[in-house]
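Tertiary structure, described
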Amino acid sequence: MVEENEQQHGGYQIDLGNLTAFDPHHQFSSVAHNREDLVKECISHGTKLIQAVTDALFNLPSTEDASGPVVSLPPPSTKLPREKPLPKPKPPTKWEVFAKKKGIQNRKKDKLVYDEQTSSWKRRHGYDRVNDDNDLPIIEAKMTDEPGVDPFAKRRSEKKQRVEKQEKNRLQNLKEAAKVGALPSHVQLAATALPITGTQTAPRKVSKDELQNVAGMAATSTASGGKFDKKLAGEKPPKHDKKYRKFLPVVEGSGMGSLEKQQSDKILNKLMAKNSHEIFNVGKAVDMYNAKSDKKRRNQQGKSSSTSSKLKVKKSPYKNKSATNKKSSSKGKSK
Amino acid sequence: MLKSNTNKQSKPMLSIKTPKSLRAKRALEKRAPKLVELEKKTLILHGTKTSNTLNAVLTEIYHLKKDNSVKYSRRNDNIRPFEAGGETSLEFYSLKTDCSLFVFGSHSKKRPDNLVIGRTYDHHIYDLVEVGVENFKSLSSCSYDKKIAPLIGSKPFFAFIGEGFENVEELKHLKEVLLDLFRGQVVSNLNLAGLDRVYVCTAVGSNKVVFTHCALRLKKSGTVVPKVELVEVGPTMDLVVRRHRLPDESLKKEAMKVAPELIQRKVKNVSKDAIAGKIGKIYVPDQQVRSTPLPFTPKGVKRERREAKAKGDDKHSEKKQKKQKQDDEASA
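Computed from a predicted structure; not experimentally measured.

1. Section: the overall build of chain B
The number of helices and strands found in chain B is 8 helices and 14 strands. A burial count over chain B gives 39% of its 332 residues as buried. For chain B, restricting intrachain contacts to residue pairs at least 6 apart in sequence, the fraction spanning at least 24 positions comes to 65%. Accessible area of chain B: about 20800 Å², with a carbon and sulfur share of 52%.

Here it is as structure tokens:
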């Protein structure tokens, strides 16, 4: 068999299936050829090769046809790649498995069937067919029939059920084939939606904002908090809804008060204030009082200035601390 | 569109799409993968810039393969077959036109008169060969007798000359690709009257191939085999191999697979005789007559039994008698 495909005829390799001859040993007599001579030599040598192929070809057993001698070619010996993958053998359908097990043979049905009623030949399917369900004028009642049940409607519903069952089986067979990967060529599967497990709720449509947030949420789980992640074109910079923390400078400049001291004082005062019962700023109260009394005195002095202020006994504005204390109302004792 | 309402579990909802007309169904079946493949279609297109020679080359290749090729006339700027991302357009066109071979022409200063011949497997790039065209001589410039002009669709002969086709990897690849490109359909029955064209490829040097298309003339000779005469007809060009990309091994293996049912296996023990016709040999294993298990053992015939009975030493009959007595007592 192999000898038919590829033969050595005077040192040429001949592939009859492809009508090819290959001469690996030819040497050109002189390299410096001009174009025409080169082509001529190619053609002449090609003629020799083709002659060898035709020798082999015409020696094959041929049959005479109207247009000429027909020869049966052997399969080609040089293998060339396929253009599409091999089709997978399709798995047998449920009926085929059952039929094989039981040994049921498939009988070809005739298109025309003899109808006893009209004693004529009618077609099996289609217009004016044999045993048409819609043509039944009378359905005889049986003992098993319930009263009140419409037999015509019953027949129609039964047929509908049968058709639905058949459709379900057909889809099941296709699914089985799709699992193996051997779907018939005219059928295509398209995934429409991904359902949530268990329930039949329709998948909720995700909004644009939610999607944007999801990416951000995922980014925060990275080591650097998603700060240096490469962003796609059109993606917004990461949102930062909180306050940025403030840190003190390492080296304190001149002209500023001791920042660290201020910071710690602030914290301490807050803490102390929370835990102390005297929620009262003494210094502030004193200042307020002093300012008030100064104002009052100026007004009084403005109205009546008989004696000079120098001679008058000055009341010390800083006396009576205890009085002011007593005056104060402790607002909201801290608990 | 038929929706499958049967599965209420966590499987993706699948809908099965079938074609609504027979015509669409036939078109889909034509494009489906088959066990034995029909001839490959070719897509001919060009890139951003082409030269006059390249235009002529592309049209002539199209004419040579008129019945199984598609020629695109617009320029395609985004096709770069040898680059990683530049082949998506090619694959898309291959899918749309169902072409598994393509010839892409382009002209640039660096690569003048460039032809990229490529093949696809499953509409993805399988392999590529880039050749430059030099010394192009077109169909119209050759003068010949019009009667011997080859018809479209005839199966061609191929002649490959030169040791370069065996030794140099690029030329080997080019040989395979040229064969695939111009071969046409693989037939099992061939009408010998319809043979009229030859492609002659000569390897000159380590990267150059002289490609010629000739018409075939069969002359009467004394014997059954006619005398062959080649007349230069069609395009003649020098192909200078520039780059090539071989398919990777796993893809190649998959593409070269033959269906197991097509491999002809040797039938053993069958031979053909001119006189007797088809003869088969049957090997019959040795029959062990002595030790063949019989469906029954004739117990009464056994010699030992008989002798023992005669003696009255039979244990088995004693047991039987005992059992019978017991049964009688039980039933009574």
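2. Digging into the overall build of chain A
Regarding its fold elements, chain A presents 8 helices and 8 strands. Across the 335 residues in chain A, those meeting the buried criterion constitute 17%. Counted over contacts in chain A with a minimum sequence separation of 6, partners at least 24 positions apart contribute 38%. On chain A, roughly 28200 Å² of surface is accessible, and the fraction owed to carbon and sulfur atoms is 55%.

3. Topic: the packing of aromatic side chains
Applying the stated rule across the entire model yields 12 aromatic pairs over all chains. Following the ring pairs from residue to residue traces out a cluster consisting of F22 of chain A together with F158, F160, F165, F182, Y199 and F211 of chain B. In this structure, R243 of chain B is placed above the aromatic ring of F82 of chain B, and the distance from its NZ or CZ to the ring centre is 4.2 Å.

4. Quick word on the confidence of the model for chain B
Residues and elements named next belong to chain B. For chain B, the average pLDDT comes to 87, and 93% of its residues sit at 70 or higher. Under a pLDDT of 50 for its full length, residues 1-11 has, in the predicted model, 19 contacts with residues more than four places off or in other chains. Both scores are given for the predicted complex: the pTM is 0.65, the ipTM 0.76.

5. So, the interface of chain A and chain B
Listed by partner, the interface residues are 68 residues for chain A and 89 residues for chain B. Between chain A and chain B, a total of about 6900 Å² is buried, with carbon and sulfur atoms accounting for 65% of that surface. Ranking the residues of chain A by area buried against chain B places R82, E83 and K84 of chain A at the top, with a combined share of 11%. Along the contact surface separating chain A from chain B lie 3 salt bridges.

6. Remarks on the environment of L171 of chain B
All names here are of chain B. Summarising the element assignment, L171 is placed in helix α5 (residues 169-182). L171 sits in the buried class, given a relative accessible area of 0%. As for L171 and V129, which are separated by 42 residues in sequence, their C-alpha atoms are 9.6 Å apart. Not counting chain neighbours up to four residues away, the residues in contact with L171 comprise G164, F165, A203, G205, S206, N207, K208, V209 and V241.

7. Overview of the pairing of strand β6 (residues 112-115) of chain A
Residues and elements named next belong to chain A. As judged from the 4 bridges shared by β6 and strand β7 (residues 120-123), these two strands associate in the antiparallel manner. In the sheet register, L112 faces β7, and the bridge partner there is R123. Hairpin remark: β6 followed by β7, antiparallel, with 4 residues in the connecting loop; positive phi at S119, about 45 degrees.

8. Concerning a positive patch on the surface
Among the surface-exposed residues, K243, K246, K266, K270 and K274 of chain A lie close enough to one another that they form a single positively charged patch. The residue K243 of chain A is located in the loop between α5 (208-219) and α6 (259-275) in this model.

9. Some words on the pattern of salt bridges
This structure, assessed with the given rule, holds 22 salt bridges over all chains. With a closest N to O distance of 3.4 Å, D132 of chain A and R129 of chain A form a salt bridge. Judged by its relative accessible area of 30%, R129 of chain A falls in the partly exposed class. Put simply, E229 of chain B and R217 of chain B hold a salt bridge, and the shortest N to O gap is 3.4 Å. Of the two residues, E229 of chain B is situated in strand β12 (residues 227-245) and R217 of chain B in strand β11 (residues 208-219); the sequence distance between them amounts to 12 residues. On the basis of relative accessibility, which here comes to 26%, the residue R217 of chain B falls in the partly exposed class.

Criteria and cut-off values
- Residues numbered from 1 in each chain as written.
- Chains lettered and ligands numbered in written order.
- Predicted model: local features only at pLDDT ≥ 70, side-chain atom pairs only at ≥ 80, totals over all residues.
- Heavy atoms only, no water.
- Helix = DSSP H or I, 4+ residues; strand = E, 2+ residues; numbered from the N terminus.
- Buried < 20%, exposed > 50% of the residue type's maximum accessible area, 1.4 Å probe, protein only.
- Contact = heavy atoms within 4.5 Å.
- Areas by Shrake-Rupley, 256 points an atom, 1.4 Å probe, with all protein chains shown as cover.
- Phe/Tyr/Trp six-rings, centres within 6.5 Å; stacked < 30°, edge-to-face > 60°.
- Lys NZ or Arg CZ within 6 Å of the ring centre and 35° of its normal.
- pLDDT = per-residue confidence, 0-100.
- Buried area = accessible area lost by both parts, 1.4 Å probe.
- Salt bridge = Lys/Arg side-chain N within 4 Å of Asp/Glu carboxyl O.
- Pairing = 2+ DSSP bridges.
- Patch = residues over 30% accessible without salt bridge, like charges linked within 9 Å, V, L, I, M, F, W, Y side chains within 5 Å.
- Lys, Arg positive; Asp, Glu negative; His and termini not counted.
- Charge placed at Lys NZ, Arg CZ, Asp CG, Glu CD.

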